[in-house]
Amino acid sequence: RDICHSTKFLMLHVRDCPGTTSSLDVCPFPWCRKIKHLLYHLVSCTNPRECTICSPKDMTPNFAALMGLNEHRRKKQRERMKAALAAASTAKAKSAPPKA
């Protein structure tokens, strides 16, 4: 639970921090700028499968398990989206008036 609260604080801070204080000093949290740069990279990386930051070669077992879990969740999300699209398409076809 402490990790969740710490992560929430970190993400809220990074989202809201302009990088400087009101007196235009650099943000006092040393991790702030690094996290901003990391998030920017993760969002804008053009080749994540080959990137050593996005896809490190030497992973800890916990990180490898997390990546596997995320891949599983993405797969399930794609399946749900496909099912929802198919259901919407079927419903639309049933509700369309017959062509004369």
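Scoring rules and cut-offs
- Residues numbered from 1 in each chain as written.
- Predicted model: local features only at pLDDT ≥ 70, side-chain atom pairs only at ≥ 80, totals over all residues.
- Heavy atoms only, no water.
- Salt bridge = Lys/Arg side-chain N within 4 Å of Asp/Glu carboxyl O.
- Buried < 20%, exposed > 50% of the residue type's maximum accessible area, 1.4 Å probe, protein only.
- Helix = DSSP H or I, 4+ residues; strand = E, 2+ residues; numbered from the N terminus.
- Axes fitted to C-alpha atoms, helices over the stretch in contact; angles between N-to-C directions.
- Parallel < 35°, antiparallel > 145°, perpendicular 65-115°, else oblique.
- Contact = heavy atoms within 4.5 Å.
- Nonpolar A, V, L, I, M, F, W, Y, C, P; charged D, E, K, R; others polar.
- Phe/Tyr/Trp six-rings, centres within 6.5 Å; stacked < 30°, edge-to-face > 60°.
- 1 Å grid on protein atoms, 1.4 Å probe; cavity = no way out; pocket = protein on both sides within 12 Å on 5 of 7 lines; lining within 4 Å.
- Points joined across faces, edges and corners; volume = space filled by probe spheres on them.

Quick notes on the pattern of salt bridges
- Overall, the coordinates contain 4 salt bridges when judged by the stated rule.
- Two residues, glutamate 71 and arginine 78, come together in a salt bridge whose shortest N-O distance is 3.6 Å.
- We classify glutamate 71 as partly exposed; its relative accessible area is 35%.
- Residue arginine 78 is classed as partly exposed on the basis of its relative accessible area of 43%.
- For lysine 76, the salt bridge identified is with glutamate 79, shortest N-O distance 3.6 Å. Residue lysine 76 and its partner glutamate 79 are both found in helix α3 (residues 61–95); the two are separated by 3 residues, about one turn of the helix.
- Taking relative accessible area as the criterion, lysine 76 reaches 35% and is therefore assigned partly exposed.
- You can call glutamate 79 partly exposed: its relative accessible area is 39%.
- When salt bridges with common partners are traced through the structure, they connect Glu71, Arg74 and Arg78 into a single cluster.

Re the packing of helix α1 (residues 2–16) against helix α2 (residues 30–44)
- The geometry of α1 relative to α2 is characterised by a closest axis approach of 10 Å and an angle of 80° between their N-to-C directions. Classified by the angle between their axes, α1 and α2 sit roughly perpendicular to one another. Two secondary-structure elements touch here, α1 through Phe9, Leu10, Met11, His13 and Val14 and α2 through Trp31, Cys32, Ile35, Lys36 and Leu39.
- When the residues that make up the contact of α1 with α2 are grouped by side-chain class, the tally is 8 nonpolar, 1 polar and 1 charged.

So, the packing of aromatic side chains
- Scanning the model with the defined rule gives 3 aromatic pairs in all.
- By way of ring pairs, the aromatic residues Phe9, Phe29 and Trp31 are connected into one cluster.

Some remarks on the layout of surface pockets
- The volume enclosed by the largest pocket comes to roughly 350 Å³.
- Contributing to the lining of the largest pocket are Pro48, Arg49, Cys54, Ser55, Phe63, Leu66, Met67, Asn70, Glu71 and Arg74.
- Classifying every residue of the lining of the largest pocket gives 5 nonpolar, 2 polar and 3 charged.

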